[in-house]
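If you want the building blocks of each chain, they are given just below.
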Amino acid sequence: AAAFARGIYSNQSIQKLQFDFPDTGTALPKVLSCRDNSKLTDLHLNGQIGGEVARSLALALGELSLKVFILAVRLLSEDDFDEIIEALMSLTQLERLHLCDSEMFRRRCEKLGDVLVRWRPLNLRWLRLSWNDIDDESFRCLIPGISKCCNLSWLGLEGNVSITSAGLRSFFEEAVIRNLNGLSLNNIEYITDGLDHLAWGLPNFHAFRYLGLEDTNIDDQELQRLSTGIATCLCNLTELDLSYNQSLTANGLRSLSNILQSEGCCLQILRLEGIQIGNDEASALANALLGNKSLEKLVVNEMTSSGWTTFEKLLCDTSSINNTHRSNHTLNQIECRRGIALNVYRYLQMNRFKEHVGTTKILMHHPVFDMKPFFHWKLKFLPEIFDWFHKALSILVVEKSRDWDVCTLPFAPLIFEVLASSQLESVNPITQASDMILPRLLSSVYQFVRAMPSLVIDGYCSQDLTRGSRKRKHIIEQNGEIKGRGRACSF
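Fair warning: this is a prediction, and the values are worked out from it, not measured in the lab.

**Student:** Sorry if this is basic, but what is going on with the layout of surface pockets here?
**Tutor:** In this approach, a probe sized like a water molecule rolls over the atoms, and the result shows the empty space that is left. Taken as a whole, the largest pocket encloses approximately 790 Å³ of empty space. Along the wall of the largest pocket there are 32 residues; nearest its centre are Ile321, Asn322, His325, Ile362 and Trp388. For the lining of the largest pocket, the secondary-structure elements that each account for two or more residues are helix H14 (321-325), helix H16 (357-365) and helix H17 (382-396). With six residues, H17 is the largest single contributor of residues to the lining of the largest pocket. Its residues assigned to classes, the lining of the largest pocket shows 12 nonpolar, 13 polar and seven charged.

Here it is as structure tokens:
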């Protein structure tokens, strides 16, 4: 330990130090006694430390320029804890503060809250107070200090199982943290009665993006209340973690449609690890995601083969062109420990390129387009058909380049592979794309011609007559000019 301390002492370029020790240790005091640790920005202390180490730490903090300080130690005396917390005020550049496993009962929470009020750390972004046995009364002592962290963006309260709905309600009523965008309440079992207050309080945090509710014993009824509240308050939530709430069933997951199908939904990541996803649960999720245009990532443990079939239909419903167009074109990543079905994986890859993906899926699965629903527009709809196919062709066509290898969409080769009837690999991709588009275009136009031949013939005849009258008028005008020139010459 002494040799190690001397080596660390003599090295002035170290930026991060992490000590994991089961006892008081001898190296840390000697390392921290170095007064020229100007490059040290991250300090992690885990385990159990004695009074000598705690006092050395308190003295050293005043000389360091830390940006990250993690203190996860037990059996600190009250005096040692107070010294360390007071020394935090000298860390003006601190961005992340983690105090874990420190048995922060009311007195210690009062001390930390008082220091935060006097300190007012402008650079503090992350504050994590996990597994500290904090209860409601202790939490209330922290709220004024937390509110003084004006740039705080993340607050972690994981594992403080004594915090209940009462403490949560106090936080949302009293705390003023405008930049808070993440709140982790993982492994807190008695906050379920406070979910109404949670949903009600979210709009007070305008930058709020992440909510962690992992392993909080939420059941179907409580999730329904939460999802209704989130959908009603129209918050900017982008990530929701409901993992390991094993009481959730299809009924609870069905209520997520309140969020996912609400106007202005911003949710991008949904975590459901440790929740059994059977056939009914997969169907409930798929129905909730139908029409959603925000969720991009879903995390689950496993899914049945029937569940994958349901998700395949969600991503590309081939029963009709309209249903294909209305399929989900946003979800592009599913994390599953047991693997993903091949067809689902392929559609997820396609969804990564959001532009024109609906058109691409239609071209993949519908060789013939049924034009009957558009017949009531008569021939006025034909220009729209030509315009749509022209855009579809531009999607598939390879951009003009010397080597013909630059595609407008990265998954164009996949479309060629699926749709191209020709197996000639030497054929130019533009020719392949034309061979895919033109038969569909001709088929669509033919359906109109066959359904309303009289309109087509009348249109052609009137166009022919118009051309004839124009030609006749042009000839008369030319004859008039010739006669006029003849008279001028005679004169």
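Resuming the write-up.
**Student:** Could you clarify how one ought to interpret the packing of helix H3 (residues 51-61) against helix H4 (residues 78-87) in this entry?
**Tutor:** Helix-helix packing is described using two parameters, namely the angle between the two axes and the distance between the axes. Direction vectors running N to C along H3 and H4 enclose 15 degrees, while the axes themselves pass 8 Å from each other. Taken as axis vectors, H3 and H4 run roughly parallel relative to one another. Handedness of the H3/H4 crossing: left-handed. Residue-level inspection shows Gly51, Ala54, Arg55, Leu57, Ala58 and Leu61 of H3 in contact with H4, the latter providing Asp80, Glu83, Ile84 and Ala87.

**Student:** Any chance you could explain unusual backbone geometry here in plain terms?
**Tutor:** Working note: non-glycine residues mostly have negative phi, and peptide bonds are mostly trans. Although it is not a glycine, tryptophan 131 sits at a positive phi angle of roughly 55 degrees. Along the chain, tryptophan 131 turns up in the loop between strand E5 (126-128) and helix H6 (136-147). The phi dihedral of aspartate 133 is positive, around 60 degrees, even though this residue is not glycine. Within the secondary structure, aspartate 133 sits in the loop between E5 and H6.

What counts, and where the lines are drawn
Here the residue numbers are simple positions, counted from 1 along each chain's written sequence. Local features in this predicted model are restricted to residues of pLDDT 70 or higher, and side-chain atom pairs are both shown and tallied only at a pLDDT of 80 or more, whereas totals for entire chains, interfaces and linings draw on every residue. Values shown for side chains rest on all heavy atoms present in the structure; no hydrogens or waters enter the calculation. Put plainly, a pocket is an open set of points on a 1 Å grid over the protein atoms alone with protein on both sides within 12 Å along at least five of seven lines, a cavity is a set where a 1.4 Å probe fits but cannot get out, and a lining residue has an atom within 4 Å of a point. Grid points are joined across faces, edges and corners, and a volume is the space filled by probe spheres set on the points. Runs of E in the DSSP output that reach at least two residues are strands. Runs of H or I that reach at least four are helices, and both are numbered from the N terminus. Residue polarity follows a fixed list, in which Ala, Val, Leu, Ile, Met, Phe, Trp, Tyr, Cys and Pro are nonpolar, Asp, Glu, Lys and Arg are charged, and the others, Gly among them, are polar. As a rule, the C-alpha atoms of each element are fitted with a line to give its axis, helices using only the stretch in contact, and angles between N-to-C directions run from 0 to 180 degrees. Orientation labels follow simple angle bins: below 35 degrees gives roughly parallel, above 145 gives roughly antiparallel, 65 to 115 gives roughly perpendicular, and whatever is left gives oblique. Put simply, a crossing is left-handed when the front helix is turned counterclockwise from the back one by less than a right angle, and right-handed when it is turned clockwise. Residue contacts follow a heavy-atom distance rule, with two residues in contact if any of their heavy atoms lie within 4.5 Å.

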